[in-house]
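Structure assessment
If you want the building blocks of each chain, they are given just below.
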Amino acid sequence: MILTGLQATGGMVYTPPPPPGPYTALAGSLVFNGTTQYLSTSPGATIGSGAFTIEGWFYNTSGFTTKGLLGTDQSVAMSLFTSDNATITLDRYGGGYQPSYTWPAATLQTNKWQYIVLNRNASTNLETMWIGTFVDNNSTVTCVRATGAAGGGSPSGGTQTDSQSWGNSNWVARYYGGYFPGSITNFRITVGTAVYDSTSSTITAPVAPLTSLGNTKYLMLGAAVTTDTSGIQTVTNNGTVTQSATTPF
């Protein structure tokens with residue numbers, strides 16, 4: 001029996017517990033030391049010139065200058081890295097093209113789980129990024145679109161067109177300029193389909209483990225270091241990346 005009002009015996013008011021949170025638990029995360037550890041994938045993900053989405057949960061432990069999220073050693077392929085606590089940069093391996101996205105200062109935070117998404121729409125090539133910060137198990141995460149964009153075509157607010165035909169990205173948590181320090185989980189690369197719509201000012205971060213879609217080229221769920229749930233990549237552990245039970249939820 002649930003008591004909902006003033007009780008005659010003790011004068012106490014019973015407050016029901018809050019409803020269960022919206023989340024389904026994640027399996028774990030991978031931990032990177034920020035200096036030598038990263039994953040390499042084969043055959044890698046060739047982004048190409050069409051729609052794509054790169055997304056995942058990131059927990060940075062030591063700053064944002066030249067910290068690689070995704071990288072490559074392949075011609076004209078994409079690296080994705082944080083430049084500072086308000087900027088994420090895309091870089092074409094070999095030079096000549098480096099679009100970026102900005103938010104208000106300190107949007108990127110250390111010791112917080114943050115959901116980061118890069119998305120390019122089909123046909124229009126309209127591209128943007130969103131960032132959201134996990135607060136607690138009782139509230140969903142709203143990811144906010146970048147407020148500035150530069151380096152691509154027709155920048156407007158936090159969007160721009162990206163007509164680059166990107167090559168083969170084959171590193172996780174590293175690019176040629178630096179490594180990612182901290183934990184990553186539910187990292188997914190989808191090529192040929194945009195999971196989100198770049199015209200949206202906000203999106204809601206997933207509340208359950210990601211699944212492999214028809215065009216998913218890599219999916220790391222954090223349960224094991226070298227497992228790709230998409231079944232496409234052979235993953236190599238460089239520098240002894242470790243697995244952890246720590247997750248945002």
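Details of the structure are given in the entry above.
This text gives an overview of the structure that appears in the document. Bear in mind the structure is a predicted one, so any value in this text is a computation, not a measurement.

Let's shift gears to the environment of leucine 118. Within the element layout of this structure, leucine 118 appears in strand E8 (residues 113-120). Distance from leucine 118 to tyrosine 101, taken between C-alpha atoms, is 9.7 Å for residues 17 residues apart in sequence.

Throughout the structure, instances matching the rule amount to 2 salt bridges. A salt bridge links arginine 188 to glutamate 55; the shortest N-O distance between them is 2.8 Å. You can see arginine 188 sitting in strand E17 (residues 181-191) and its partner glutamate 55 sitting in strand E3 (residues 52-60), a full 133 residues away along the chain. Classification of arginine 188 as buried rests on a relative accessible area of 5%.

What follows is about the environment of proline 99. Residue position: proline 99 is located in the loop between strand E6 (87-92) and strand E7 (100-102). Along the sequence, proline 99 and threonine 72 sit 27 residues apart, while their C-alpha atoms lie 16 Å from each other. In contact with proline 99, other than residues within four places in its own chain, are Thr89, Leu90, Ala150, Gly151, Gly152 and Gln160.

Thresholds, definitions, all that
- Residues numbered from 1 in each chain as written.
- Predicted model: local features only at pLDDT ≥ 70, side-chain atom pairs only at ≥ 80, totals over all residues.
- Heavy atoms only, no water.
- Helix = DSSP H or I, 4+ residues; strand = E, 2+ residues; numbered from the N terminus.
- Salt bridge = Lys/Arg side-chain N within 4 Å of Asp/Glu carboxyl O.
- Buried < 20%, exposed > 50% of the residue type's maximum accessible area, 1.4 Å probe, protein only.
- Contact = heavy atoms within 4.5 Å.

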